[in-house]
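Structural description and commentary
Each chain is listed here by its residues.
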Amino acid sequence: MLIQLNESIQVETPLGRGYALFLESTSQDQYWTVGLENGSIVTFKQEKIRISKSYTQQRGITDEQMREIIK
């Protein structure tokens with residue numbers, strides 16, 4: 001199943017920041033197609049990306065806090 005996101009989501013990838021454009025779900029995994037800030041479009045397995053931290057009004061959380069949340 002391929003889903004085009006109505007609104008892009010800012011994400012962190014192994015290649016830098018970008019915006020998620022599509023989500024493809026298979027029985028084995030999920031894949032996110034991301035438009036990177038440098039203009040490249042790359043597809044990543046879900047485990048390789050995460051939603052970017054929000055620095056709005058100092059609401060960003062640390063990586064360690066995120067690990068605690070998802071345990």
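Above this text you will find the structure in question.
The sections below set out a description of the structure shown in this document. (Residues numbered from 1 in each chain as written. Predicted model: local features only at pLDDT ≥ 70, side-chain atom pairs only at ≥ 80, totals over all residues. Heavy atoms only, no water.)

1. Notes on the overall build of the chain
Helix and strand content of the chain: 1 helix and 5 strands. When the elements of the chain are put in sequence order from the N terminus, they spell out β-β-β-β-β-α. Looking at the chain residue by residue over its 71 residues, the buried ones come to 20%. A separation of at least 24 residues holds for 22% of the contacts in the chain among residues at least 6 apart in sequence. When the accessible area of the chain is evaluated, it comes to approximately 5600 Å², of which 49% is carbon and sulfur surface. (Helix = DSSP H or I, 4+ residues; strand = E, 2+ residues; numbered from the N terminus. Buried < 20%, exposed > 50% of the residue type's maximum accessible area, 1.4 Å probe, protein only. Contact = heavy atoms within 4.5 Å. Areas by Shrake-Rupley, 256 points an atom, 1.4 Å probe, with all protein chains shown as cover.)

2. Some thoughts on the nonpolar core
Val-11, Ala-20, Leu-23, Trp-32, Val-34, Leu-36, Phe-44 and Ile-49 together form the largest nonpolar core, which totals 8 residues. Secondary structure elements with two or more residues in this core: strand 2 (16-25) and strand 3 (30-36). Of the residues forming this core, the biggest block, 3 residues, is contributed by strand 3. If sequence neighbours within four positions are ignored, Leu-23 has contacts with Met-1, Leu-2, Ile-3, Gln-30, Tyr-31 and Trp-32. (Core = buried A, V, L, I, M, F, W, Y, C linked by side-chain atoms within 4.5 Å.)

3. A word on the pattern of salt bridges
Overall, the coordinates contain 2 salt bridges when judged by the stated rule. Linking Arg-17 and Glu-12 is a salt bridge whose minimum nitrogen-to-oxygen distance equals 2.6 Å. A salt bridge links Lys-45 to Asp-29; the nearest nitrogen and oxygen atoms lie 3.4 Å apart. With Lys-45 in strand 4 (residues 41-45) and Asp-29 in the loop between strand 2 and strand 3, the pair connects residues that are 16 residues apart, well separated along the chain. Judged by relative accessible area, Lys-45 falls into the partly exposed class, the value being 35%. (Salt bridge = Lys/Arg side-chain N within 4 Å of Asp/Glu carboxyl O.)

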